[in-house]
Amino acid sequence: MFSQWQESIILPIISLILSIIGPAEISEETKKRIFETSFNTFVTSLRSAGFRATYDEIKIVSASDSIEAKNIVIGYPSSKINYQECLPDGYGNDGQLFPETSNYFNDCFINVKIEAFSIKNIGIIKQSKENLIIELSGIAFDLNGLTKVLDGDLAGLNVVASVIADDQKLKGDLSIESGYSFNQDKTAIGFNLKFDKLADLKIKANVSNPKYFNNQYTYSGMDDITFNFNDFEFSYKDLGLRKLLEFLSLSMTGQKISSDLTSFIQTSNEGDAKKLTVINKFLDGSSKITCSRKTSIYFSSQMYSELITEDPMTLLNFFCEDLKNY
């Protein structure tokens, strides 16, 4: 299933995004047609892979310099995963031989609904200097079909689903940001994922001057990747995911999530000790943790490979010049 997904879905998504990042000389209507053609190719690929996929409309929103597809519904038959025939709830009751389509889709498909899929800063009127932003807003992942597939293997999943999701629906939003400055050879990336009653995760990073050196050009004979790591921001706010992970951890391993998990880590200086204290407070229950780097540093895979393997604090210090919890 997953190889089919990759072959049928990934390439159309890339094509869809690249197709509309064109010069401002391309008319608004032409950009809409390009987007619509690419998006329909994506939908067709989903359908050919066994999914059902529908949407309402595609429109350009000049005020936000964006183009969007509205009310997307994607579903995959649960019978294709557990290889069991699925009958909707209530089937056969009161002589119902023909189940309603909505009942069948709700009970026998793993469904995802997205209020809007939009791509912003596409240069509708003039070439945009802002980072490209891809947003999926109003995501609603229906856990009903999933619980039917996994309930036999994961005891208590229905209880967990009822706690973290309203009406068996896990709701949230996703945005991905990317931009490249040619004259500075800088790449900016951003990621924001929020699921109600679970977690709010934000990541931003900026790197420049990336280089790859084949082993024939290096003294050690090893391949090397280098770049300037200019800045980094990370924040995580727990909205209920910890309770879910702790439930799963206790159910499967008997291990509680706590600072005991880091007891093997040794610190050699006061700065590392303070950061480890922050990590431990988060593991013991603090709801938010932030990490940031403002000082640009040079990275070489050869330079750090042994240090990262031997000392986990090296990896933490690479990303987190400053580490706090709340």
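Residues numbered from 1 in each chain as written. Predicted model: local features only at pLDDT ≥ 70, side-chain atom pairs only at ≥ 80, totals over all residues. Heavy atoms only, no water.

Engineer: A description of the packing of aromatic side chains should follow, citing residues and the corresponding values.
Structural biologist: Counted under the stated rule, the structure contains 18 aromatic pairs. Aromatic side chains Phe318 and Phe319 sit 5.0 Å apart centroid to centroid with 85° between the ring planes, which places their arrangement in the edge-to-face category. Connected via pairs of aromatic rings, a cluster forms that spans Phe227, Phe229, Phe232, Phe299, Phe318 and Phe319. If you follow Arg52 out to its NZ or CZ, it ends over the ring of Phe109, 5.4 Å from the centre. In this structure, Lys288 packs its charged tip against the face of Tyr326, placed 5.7 Å from the ring centre. (Phe/Tyr/Trp six-rings, centres within 6.5 Å; stacked < 30°, edge-to-face > 60°. Lys NZ or Arg CZ within 6 Å of the ring centre and 35° of its normal.)

Engineer: Which residues make up the pairing of strand β5 (residues 132-142), and what are the values?
Structural biologist: Across eight bridges, the pairing between strand β4 (residues 109-120) and β5 is antiparallel. Bridging from a neighbouring strand, Ser118 pairs with Glu135 of β5. Two elements, β5 and strand β6 (residues 169-181), share nine bridges in a ladder whose sense is antiparallel. Bridge assignment links Ala140 to a residue of β6, and that residue is Lys171. (Pairing = 2+ DSSP bridges. Helix = DSSP H or I, 4+ residues; strand = E, 2+ residues; numbered from the N terminus.)

Engineer: Pulling in residues and values, what's your account of the packing of helix α8 (residues 270-283) against helix α10 (residues 312-319)?
Structural biologist: Axis separation between α8 and α10 bottoms out at 11 Å; the angle between their running directions is 90°. Viewed along their axes, α8 and α10 adopt a mutual orientation that is roughly perpendicular. Of the residues in α10, those touching α8 at Asp272, Lys275, Leu276 and Ile279 are Met313, Leu316 and Asn317. For the contact of α8 with α10, the residue count by class is four nonpolar, one polar and two charged. (Axes fitted to C-alpha atoms, helices over the stretch in contact; angles between N-to-C directions. Parallel < 35°, antiparallel > 145°, perpendicular 65-115°, else oblique. Contact = heavy atoms within 4.5 Å. Nonpolar A, V, L, I, M, F, W, Y, C, P; charged D, E, K, R; others polar.)

Engineer: How would you summarise the state of the cysteines if you had to cite specific residues and measurements?
Structural biologist: Within the structure shown, the criterion is met by two disulfides. The residue that forms a disulfide with Cys86 is Cys108, at a sulfur-sulfur distance of 2.1 Å. The S-S bond linking Cys86 to Cys108 shows a torsion near -80°; that makes this disulfide left-handed. Here Cys86 is found in the loop between α3 (79-82) and α4 (101-108), whereas its partner Cys108 is found in helix α4, with 22 residues between them in sequence. Accessibility expressed as a relative area gives 16% for Cys86, which makes it buried. With a relative accessible area of 2%, Cys108 lands in the buried category. Note on cysteine connectivity: Cys291 is disulfide-linked to Cys320, with sulfurs 2.0 Å apart. Measuring handedness by torsion sign, the sulfur bridge of Cys291 and Cys320 sits at about -105° and is left-handed. With Cys291 in strand β10 (residues 288-293) and Cys320 in the loop between α10 and β12 (322-325), this pair connects stretches of sequence that are 29 residues apart. On the basis of relative accessibility, which here comes to 5%, the residue Cys320 falls in the buried class. Look at the chain and number its bonded cysteines as they come in the sequence; the links are 1-2, 3-4. (Disulfide = S-S within 2.5 Å. Buried < 20%, exposed > 50% of the residue type's maximum accessible area, 1.4 Å probe, protein only.)

Engineer: Describe in detail the pattern of salt bridges, supporting the description with residues and values.
Structural biologist: Tallying each qualifying case throughout the model produces seven salt bridges. With a shortest N-O distance of 3.1 Å, Glu233 and Lys294 are connected by a salt bridge. One end of the pair, Glu233, is in strand β9 (residues 224-238); the other, Lys294, is in the loop between β10 and β11 (297-300), with 61 residues separating them in the sequence. By relative accessible area, Lys294 is classed as exposed at 55%. The partner of Arg242 in a salt bridge is Glu246, and the shortest N-O contact between them spans 3.8 Å. Of this pair, Arg242 and Glu246 both sit in helix α7 (residues 241-252), separated by four residues, roughly a single helical turn. (Salt bridge = Lys/Arg side-chain N within 4 Å of Asp/Glu carboxyl O.)

Engineer: Could you give an account of a positive patch on the surface, naming the residues involved and the relevant values?
Structural biologist: Together, Lys194, Lys202, Lys204 and Lys237 give the surface a local cluster of positive charge. Mapping Lys204 onto the fold places it in strand β8 (residues 199-213). (Patch = residues over 30% accessible without salt bridge, like charges linked within 9 Å, V, L, I, M, F, W, Y side chains within 5 Å. Areas by Shrake-Rupley, 256 points an atom, 1.4 Å probe, with all protein chains shown as cover. Lys, Arg positive; Asp, Glu negative; His and termini not counted. Charge placed at Lys NZ, Arg CZ, Asp CG, Glu CD.)

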